[in-house]
Amino acid sequence: PFIQFAPLSSLHCLSRSSLRLRMSQWYQLQQLDSKFLEQVDQLYDDSFPMEIRQYLAQWLEAKDWEHAASNDSMATVLFHELLTQLDDQYSRFALENNFLLQHNIRKVKRNLQVCFQEDPIQLALTISHSLKEEKKILENAMKDEKNHVGSLLNNIILDKQKQLDQKVKTVKSSVQEIEQEIKSLEDLQDEFDFRSKTLHSREHEVNGLAQNEIKQEKVHLHNMMLKLDIKRKEVINETASLLNEVEQIEGLLINEELVEWKRRQQVACIGGPPNTCLDQLQHCFTLLAESLQQVRQQLKKLEELEQKYSYEGDPITQKKQFLEERYDTLFITLIKSSFVVERQPCMP
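Presented here is a report on the structure given in the accompanying data block. (Residues numbered from 1 in each chain as written. Predicted model: local features only at pLDDT ≥ 70, side-chain atom pairs only at ≥ 80, totals over all residues. Heavy atoms only, no water.)

## Things to note about helix α8 (residues 72-95)
Phase 1: Compared with the 34 Å implied by 1.5 Å per residue over 24 residues, the 35 Å span of α8 between its first and last C-alpha is a close match.
Phase 2: Buried within α8 are the following residues: Ala75, Leu78, Phe79, Leu82, Leu83, Leu86, Gln89 and Phe93.
Phase 3: A positive phi of about 55° marks Asn97, the residue just after α8. (Helix = DSSP H or I, 4+ residues; strand = E, 2+ residues; numbered from the N terminus. Expected span 1.5 Å × (residues − 1). Buried < 20%, exposed > 50% of the residue type's maximum accessible area, 1.4 Å probe, protein only.)

## A short note on helix α13 (residues 315-338)
Each full turn of the α-helix corresponds to 3.6 residues, which orients residues three or four apart in the same direction.
Phase 1: A rise of 1.5 Å per residue sets the reference length of α13, with its 24 residues, at 34 Å; its end C-alpha atoms lie 33 Å apart and thus fit the reference within 8%.
Phase 2: In the structure, α13 departs most strongly from a straight axis at Gln321, where the bend amounts to approximately 30°.
Phase 3: Along α13, the residues classified as buried are Pro315, Ile316, Leu323, Glu324, Arg326, Tyr327, Leu330, Phe331, Leu334 and Ser337.
Phase 4: One side-chain oxygen at the N-terminal end of α13 lies 3.0 Å from the backbone nitrogen of Ile316; it belongs to Asp314. (Bend = angle between axes of the 7 residues up to and from the residue. Polar contact = N/O pair within 3.5 Å; in protein donor to acceptor, adjacent residues only side chain to side chain.)

## Remarks on the packing of aromatic side chains
Phase 1: Tallied over the full model, the rule gives seven aromatic pairs.
Phase 2: Both rings, one in Trp59 and one in Trp65, keep their centres 5.9 Å apart while their planes meet at 70°; by these two values the pair is edge-to-face. Exposure class is identical for Trp59 and Trp65. Each is buried.
Phase 3: Between Tyr309 and Tyr311 the ring centres are 5.7 Å apart and the planes differ by 40°, which places this aromatic pair in the tilted class.
Phase 4: Relative accessible area serves as the criterion here: at 25%, Tyr309 is assigned to the partly exposed category.
Phase 5: An aromatic cluster is present here, built from Trp26, Tyr44 and Phe48 joined pairwise through their rings. (Phe/Tyr/Trp six-rings, centres within 6.5 Å; stacked < 30°, edge-to-face > 60°.)

Laid out in structure tokens, this is it:
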């Protein structure tokens with residue numbers, strides 16, 4: 001066999017690049033896409049056919065053909081060694097009773113003798129040129145693969161960033177919705193307060209019509225009170241859910257995106273792709289911080305509403321401290337983590 005493979009367990013520990021270092025150049029070429037194989041095909045013709053390159057891959061790569069191309073005696077020695085290698089290959093085919101390949105090897109050997117017997121340096125030049133061109137093809141293929149992998153990674157990164165960006169925008173949208181609900185709650189509470197004071201001022205009226213209206217108003221105020229309580233619970237629950245969502249996104253930003261950004265910085269520092277997606281990361285941090293600041297203002301507004309009117313079982317009174325503590329923790333963690341975002345790559 002042309003290649004001596006390592007045990008399977010060892011292969012799992014090697015990168016693709018380190019595996020290539022252990023493979024013959026010819027074997028590596030055979031793994032390339034068709035567009036590169038077409039370039040390899042153009043390197044060989046009848047004077048030095050691809051069959052020789054295939055059968056004697058490792059032997060050819062082990063010899064210094066570049067030096068032989070400028071040294072007549074060395075070129076002559078290598079030419080005869082090449083003929084000997086072909087004889088050995090012929091013998092292997094004979095043992096396999098492979099008549100067709102025996103015929104091809106005999107024909108290849110005769111052609112070599114006709115073309116290079118009197119000019120072995122030309123053979124050395126031909127082989128040296130082919131090996132160099134093969135190496136260029138491999139280098140171009142590796143660059144192409146690197147660019148392709150880089151493009152795939154960038155697409156994956158962009159998809160993740162789009163998803164994260166959408167999550168942050170959803171949080172911002174939810175904050176705006178809660179803002180509107182708090183305004184609606186404030187309007188409802190103002191109306192309740194106004195009607196309560198109005199009712200209180202009329203309670204001393206003694207005529208029957210007034211007493212009937214007062215009774216109806218009390219029923220209406222009771223219903224408003226129930227609606228007010230429901231509204232407060234809704235706002236409190238939605239704020240709690242919003243902070244849960246912020247916590248999840250913050251975890252993604254700090255424990256995944258920020259860690260990945262640092263890794264890309266380190267790769268960029270040693271020659272990797274320069275795009276570390278810092279702007280997008282900063283954008284997410286900024287939007288999330290702005291949303292949290294708005295939540296803080298909303299909590300203050302709820303506290304003001306509570307100070308104006310509170311009652312037994314008031315959800316604002318019951319949950320206010322818990323929500324404020326959650327906000328403080330989330331905001332401080334976010335701000336502290338954002339301080340490590342720098343433009344200069346930092347090596348570990």
